[in-house]
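Spelled out, the chains give:
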Amino acid sequence: MIFKKALTETDLPPDPNKKMEVNGVVLKVTLKQKEQIDNYAEQMANKYHIDPAIFKKLVSIESEYDVRAKSDAGAIGLAQLKPIAVSESAKYTKQNLNPHNWKHNLEMGAAILAHNLSVFKNYTAALAAYNQGVGAVNAFLRGEKKLKPEGQEYLTRMHSENPYNPYSSGDPYIGNI
């Protein structure tokens, strides 16, 4: 019987200078580690009743699978959680999770996306809210302001770069923002 070693944040990546490319994205993890991240992302997507392909694409775009990713805005980890999202996620996960732990980070990201989906009823608006905030999307829907250009770019990337494209062929659940 072969036992797979559990992936921990100290294991990722074993060589920070080693880079791999998958579908044009340079990764800071090995393919095996990417597979483990994808598998756990899928588990969290299923737990929170969101589309696993969409959630895995979110992780790919947000962090390019870099568990140590940190944005200029202070977002961290695989799901690129900002401090406000970390505090909000406790409401949705019913747990106090550590955003620096890669598994907890994925769970919080999945919970936030699931919450956004319950609010907006379609993935496009839910993803826009994940990227720009619920308030920004509500203001956009009321005609009070436009989404920021980076938010539009984010949605374009979510739509166009997904090899399993759940946005195609008129799925009413996907919708428009």
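Residues numbered from 1 in each chain as written. Predicted model: local features only at pLDDT ≥ 70, side-chain atom pairs only at ≥ 80, totals over all residues. Heavy atoms only, no water.

**Observations concerning the overall build of the protein chain**
Consideration 1: On a plain count of helices and strands, the protein chain comes out with seven helices and two strands.
Consideration 2: Tracing the protein chain from N to C terminus, the helices and strands come up as β-β-α-α-α-α-α-α-α.
Consideration 3: Each of the 177 residues in the protein chain was classed as buried or not, and the buried ones make up 46%. (Helix = DSSP H or I, 4+ residues; strand = E, 2+ residues; numbered from the N terminus. Buried < 20%, exposed > 50% of the residue type's maximum accessible area, 1.4 Å probe, protein only.)

**Remarks on the confidence of the model for the protein chain**
Consideration 1: Averaged over every residue, the pLDDT of the protein chain is 81; the share at 70 or more is 75%.
Consideration 2: Of all helices and strands in the protein chain, the one with the weakest mean pLDDT is strand 1 (residues 20–22) (61), whereas helix 4 (residues 102–120) scores best (96).
Consideration 3: Note on residues 163–175: pLDDT is under 50 here. Beyond four places in sequence and across chains, it has 24 contacts. (pLDDT = per-residue confidence, 0-100. Contact = heavy atoms within 4.5 Å.)

**Notes on the nonpolar core**
Consideration 1: Of all hydrophobic cores here, the largest spans 42 residues; its most connected members are Ile50, Phe55, Leu58, Leu106 and Leu127.
Consideration 2: Of all elements in the fold, only helix 1 (31–47), helix 2 (52–63), helix 4, helix 5 (123–132) and helix 7 (149–160) reach the threshold of two or more residues within this core.
Consideration 3: Here this core gets ten residues from one element, more than from any other, and that element is helix 4. (Core = buried A, V, L, I, M, F, W, Y, C linked by side-chain atoms within 4.5 Å.)

**Quick notes on the packing of aromatic side chains**
Consideration 1: A full pass over the atoms with the stated rule returns one aromatic pair.
Consideration 2: Centroid distance Tyr40 to Trp102: 5.7 Å. Interplanar angle 70°. Geometry classified as edge-to-face. With Tyr40 in helix 1 and Trp102 in helix 4, the pair connects residues that are 62 residues apart, well separated along the chain. Across this residue pair, the class does not change: Tyr40 and Trp102 are buried. (Phe/Tyr/Trp six-rings, centres within 6.5 Å; stacked < 30°, edge-to-face > 60°.)

**Description of the pattern of salt bridges**
Consideration 1: In this structure the tally under the stated criterion is five salt bridges.
Consideration 2: Two residues, Glu42 and Lys56, come together in a salt bridge whose shortest N-O distance is 3.2 Å. Of this pair, Glu42 sits in helix 1 while Lys56 sits in helix 2; the two residues are 14 residues apart in sequence, bridging distant segments of the chain.
Consideration 3: Residue class for Glu42 comes out partly exposed when judged on its relative accessible area of 32%.
Consideration 4: For Glu88, the salt bridge goes to Lys91, with nearest N and O atoms at 3.2 Å. With Glu88 and Lys91 both in helix 3 (residues 83–93), this residue pair falls three residues apart, about one helical turn. (Salt bridge = Lys/Arg side-chain N within 4 Å of Asp/Glu carboxyl O.)

**A word on the packing of helix 5 against helix 7**
Consideration 1: The geometry of helix 5 relative to helix 7 is characterised by a closest axis approach of 10 Å and an angle of 135° between their N-to-C directions. Classed by the angle they form, the pair helix 5 and helix 7 counts as oblique. Note that helix 5 runs across helix 7; the crossing there is right-handed. Contact residues: helix 5 offers Thr124, Leu127, Ala128, Tyr130, Asn131 and Gln132, while helix 7 offers Glu150, Gly151, Tyr154, Leu155, Met158 and His159.
Consideration 2: Here the residues of the contact of helix 5 with helix 7 sort into six nonpolar, five polar and one charged. (Axes fitted to C-alpha atoms, helices over the stretch in contact; angles between N-to-C directions. Parallel < 35°, antiparallel > 145°, perpendicular 65-115°, else oblique. Left-handed = near helix turned anticlockwise from the far one by under 90°. Nonpolar A, V, L, I, M, F, W, Y, C, P; charged D, E, K, R; others polar.)

**Re the packing of helix 2 against helix 5**
Consideration 1: Helix 5 packs onto helix 2 with a crossing angle of 30° between their chain directions and a minimal axis gap of 13 Å. Comparing the axis directions of helix 2 and helix 5 gives the class roughly parallel. Relative to helix 5, helix 2 is oriented so that their crossing is right-handed. Across the interface between the two elements, Ile54, Leu58 and Glu62 from helix 2 touch Tyr123, Leu127, Tyr130 and Asn131 from helix 5.
Consideration 2: Looking at the contact of helix 2 with helix 5 residue by residue, the classes come out as five nonpolar, one polar and one charged.

**With respect to helix 7**
Consideration 1: For helix 7, with twelve residues, the first-to-last C-alpha span of 16 Å sits near the 16 Å given by 1.5 Å per residue.
Consideration 2: All of the buried residues in helix 7 are Gly151, Tyr154, Leu155 and Met158. In a view along the axis of helix 7, the buried residues occupy a sector of 95°, so they form one face of it. Counted as exposed and oriented over 90 degrees from the buried face of helix 7: Pro149 and Ser160. (Expected span 1.5 Å × (residues − 1). Arc of directions from axis to C-beta.)

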